[in-house]
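Summary of structural features
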Amino acid sequence: MKFLSAEFEGNRTNTPTRCAVFERKKGIFSLESRLDSGTDDLLSLKGSASLVAVCGCPDFSVETVHVPASLKGSSLRLFLRSKTAGNREKSTVRFGACSQPEGSGEKECQAYIMPDRAYEKESGLDAEERDAADIFTLSPLALCGITSALYPDRLVLHAYADESKLIITISKSDEVFYARTAPATDRAMLAGELELTLTHTAKSRNLRPDLILLSGLYATDGHTSDQIRSRQAVQTVLAAPDGILAECPFDVFHKIIIPFGAVLNGRKLDFTPEKYRKKKIFSKTMSALNSALLVILVALTAVNLHFFSSYKSKTEELAKAASALRADRELTSEILSASPSSGYLLSYLNLLNERDKNPVRLLADVEPLIMHIGFDRVILSRTEPTVIAASKEFGTLNSLTEFEEEIKAEITRLESKKYTVQNDSRFGYDSLVANIKLNISRRGAAE
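Residues numbered from 1 in each chain as written. Predicted model: local features only at pLDDT ≥ 70, side-chain atom pairs only at ≥ 80, totals over all residues. Heavy atoms only, no water.

With that settled, consider the overall build of the chain. From N to C terminus, the chain includes 15 helices and 19 strands. In the chain, of all internal contacts separated by at least 6 residues, the share reaching a separation of at least 24 is 62%. As presented, the chain carries roughly 24,200 Å² of accessible surface, and 52% of it is formed by carbon and sulfur atoms. (Helix = DSSP H or I, 4+ residues; strand = E, 2+ residues; numbered from the N terminus. Contact = heavy atoms within 4.5 Å. Areas by Shrake-Rupley, 256 points an atom, 1.4 Å probe, with all protein chains shown as cover.)

The structure is reproduced here in structure tokens:
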């Protein structure tokens, strides 16, 4: 399997600073190609590879959330969401596993928070690249992917720098406890920045790493590396990990370490905002459906072509039959118009026409509703109403009631388009959970 991993500096440029193509065979990665200066045409390099976009985000933050030890499952998730919502701007939040310090009645959970503007406006990706990206993640989290692969059971500070930025993270296994991104204006300041970070995290967060990893200029700049070794008793210079990445020279590895770390993380730290993830899922579903319909159409066309050859000899007979049918239709129309049962017969013909309508055609009108509420399942049928079902949790009663009004507005919109909507949704004002179930069907004659 191949991965195209592209690192963006955020809103400073619309071109990735580094691109690398990795191939994984039997659990071992190899570096197939790389571009240190990036490319203006990222999608031309993608081919069949999975696209992993890595973005610099100075406003990415890690917060520790304290929760009652008794909370589990959906109650725990709802509590965490309510604690991280606050008054901050719209953000995408992911949560790490919760731990309970010995003797404490509370759990500690790490919340990873990215403002959505980092994806929508500041990432450096254009709309087409965002749609094509299979994974969107952040540079500090990519470094933690390297840390986790090398030292999964130790608390590690990982310091990275290049010509434009420095990133310092503290993590253990898949848990991130601290992340900082800052401009790197002077190589002479790199060692001092690391020293200040160690002091700050020890005093303010009680984080005392077991090990210090150096990468990028922290490892390849001899003067900086020597300065750190002279001040820190516990440290190591990072080399390409044996058994994970094959035959990658030391200097090359330190240039592609962030793209590679993002590939190692995979989807577990994907920070694509929820509404965009749902849009991608819907698009993929529709694409698969269209492909299936295309296959059916090709098969039916082949069958028709097979039979078409036998029809040529009967062209004249068909023409005569068509003429007779037209005459019969005119006679039938006269009979229907004069019959007392004409209304019933016309209704029956309309019902037959409705039965043959493709339910996929409803999606054009129903799509805004699906994209708004998301869905756990959508049931399409030629003879039964379209069913949309979803379950959503909310942090506040206001957000739940606002969502209920939005659903009612969508139902009104559909009813104005000649749809009948049976609303069997339930809104739990105590549990702050909305269980949506809508049965949607087109009313009236086919248009």
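Still to come is the rest of the account.
All right, on to unusual backbone geometry then. Of note in this structure, Asn206 is not a glycine but carries a positive phi near 55°. Among the structural elements, Asn206 can be located in the loop between helix 6 (190–205) and strand 12 (211–216). Phi angles above zero are rare outside glycine, and Lys418 is one such case at about 70°. The exposure class assigned to Lys418 is partly exposed, which follows from its relative accessible area of 45%. (Buried < 20%, exposed > 50% of the residue type's maximum accessible area, 1.4 Å probe, protein only.)

Two numbers describe a pair of aromatic rings. These are the distance of the centres and the angle of the planes. Counting across every chain of the model gives 7 aromatic pairs. Between Phe22 and Phe260, the aromatic rings sit 5.2 Å apart at their centres with planes inclined by 45°, giving tilted as the arrangement. Placement of Phe22 in strand 2 (residues 18–25) and of Phe260 in helix 10 (residues 257–265) is noted, with a sequence separation of 238 residues between them. Ring centres of Tyr119 and Tyr276 lie 5.0 Å apart, and the angle between their planes is 50°; on these two criteria the pair is classed as tilted. On the criterion of sequence distance, the pair formed by Tyr119 in helix 3 (residues 117–120) and Tyr276 in helix 11 (residues 274–311) is long-range, its members being 157 residues apart. Residue Tyr119 shares its accessibility class with Tyr276, and that shared class is buried. Sitting above the plane of the Phe271 ring, Arg94 keeps its charged end 5.5 Å from the centroid. Taking NZ or CZ as reference, Arg130 lies 5.6 Å from the ring centre of Tyr119, over its face. (Phe/Tyr/Trp six-rings, centres within 6.5 Å; stacked < 30°, edge-to-face > 60°. Lys NZ or Arg CZ within 6 Å of the ring centre and 35° of its normal.)

Summed over the entire model, instances satisfying the criterion amount to 1 disulfide. The disulfide that involves Cys98 links it to Cys109, with 1.6 Å between the sulfurs. Judged by the sign of its S-S torsion, about 105°, the cystine formed by Cys98 and Cys109 is right-handed. Taken together, the residues span a long stretch of sequence, with Cys98 in the loop between strand 6 (91–95) and strand 7 (106–115) and Cys109 in strand 7 at a distance of 11 residues. Left without a disulfide partner, Cys55 is nearest to the cysteine sulfur of Cys57, which lies 6.1 Å away. We classify Cys55 as buried; its relative accessible area is 0%. (Disulfide = S-S within 2.5 Å.)

The strand order across the open sheet formed by 6 strands is 8-4-1-2-3-14, and the pairing between neighbours is mixed. For this open sheet the edge positions go to strand 8 (135–138) and strand 14 (245–246), each flanked by a neighbour on one side alone. With 7 bridges connecting them, strand 2 and strand 3 (residues 28–35) associate as antiparallel partners. Bridging across to strand 3, Ala20 finds its partner in Arg34. Contacting strand 1 (2–8), strand 4 (50–55) and strand 8, helix 5 (residues 139–150) crosses the sheet at an angle of about 90° to strand 8. On top of the sheet, helix 10 reaches strand 1, strand 2, strand 3, strand 4, strand 8 and strand 14; it is set at about 130° to strand 1, its chief contact. (Pairing = 2+ DSSP bridges. Axes fitted to C-alpha atoms, helices over the stretch in contact; angles between N-to-C directions.)

What follows concerns a nonpolar patch on the surface. Together, Leu294, Leu297 and Val298 make up a nonpolar patch on the protein surface, roughly 290 Å² of accessible area in all. Tracing the sequence through the fold places Leu294 in helix 11. (Patch = residues over 30% accessible without salt bridge, like charges linked within 9 Å, V, L, I, M, F, W, Y side chains within 5 Å. Salt bridge = Lys/Arg side-chain N within 4 Å of Asp/Glu carboxyl O.)

In an α-helix, one turn spans 3.6 residues; hence positions three or four apart end up facing the same way. Among the 9 residues in helix 10, 8 count as buried, and that is most of the element. When helix 10 is considered as a whole, its buried residues turn out to be Ile257, Ile258, Pro259, Phe260, Gly261, Ala262, Val263 and Asn265. Within two residues after helix 10, Gly266 carries a phi angle of roughly 65°, on the positive side.

Here we come to a negative patch on the surface. A contiguous patch of negative charge, built from Asp41, Asp126, Glu128 and Asp131, is present on the exposed surface. Accessibility expressed as a relative area gives 46% for Asp131, which makes it partly exposed. (Lys, Arg positive; Asp, Glu negative; His and termini not counted. Charge placed at Lys NZ, Arg CZ, Asp CG, Glu CD.)

All right, on to the pattern of salt bridges then. According to the stated counting rule, one finds 21 salt bridges in the structure shown. Of the charged contacts in the structure, one is a salt bridge between Lys165 and Asp162, with a shortest N-O distance of 2.5 Å. Connected via shared salt-bridge partners are Glu7, Glu9, Arg18, Asp162, Glu163 and Lys165.

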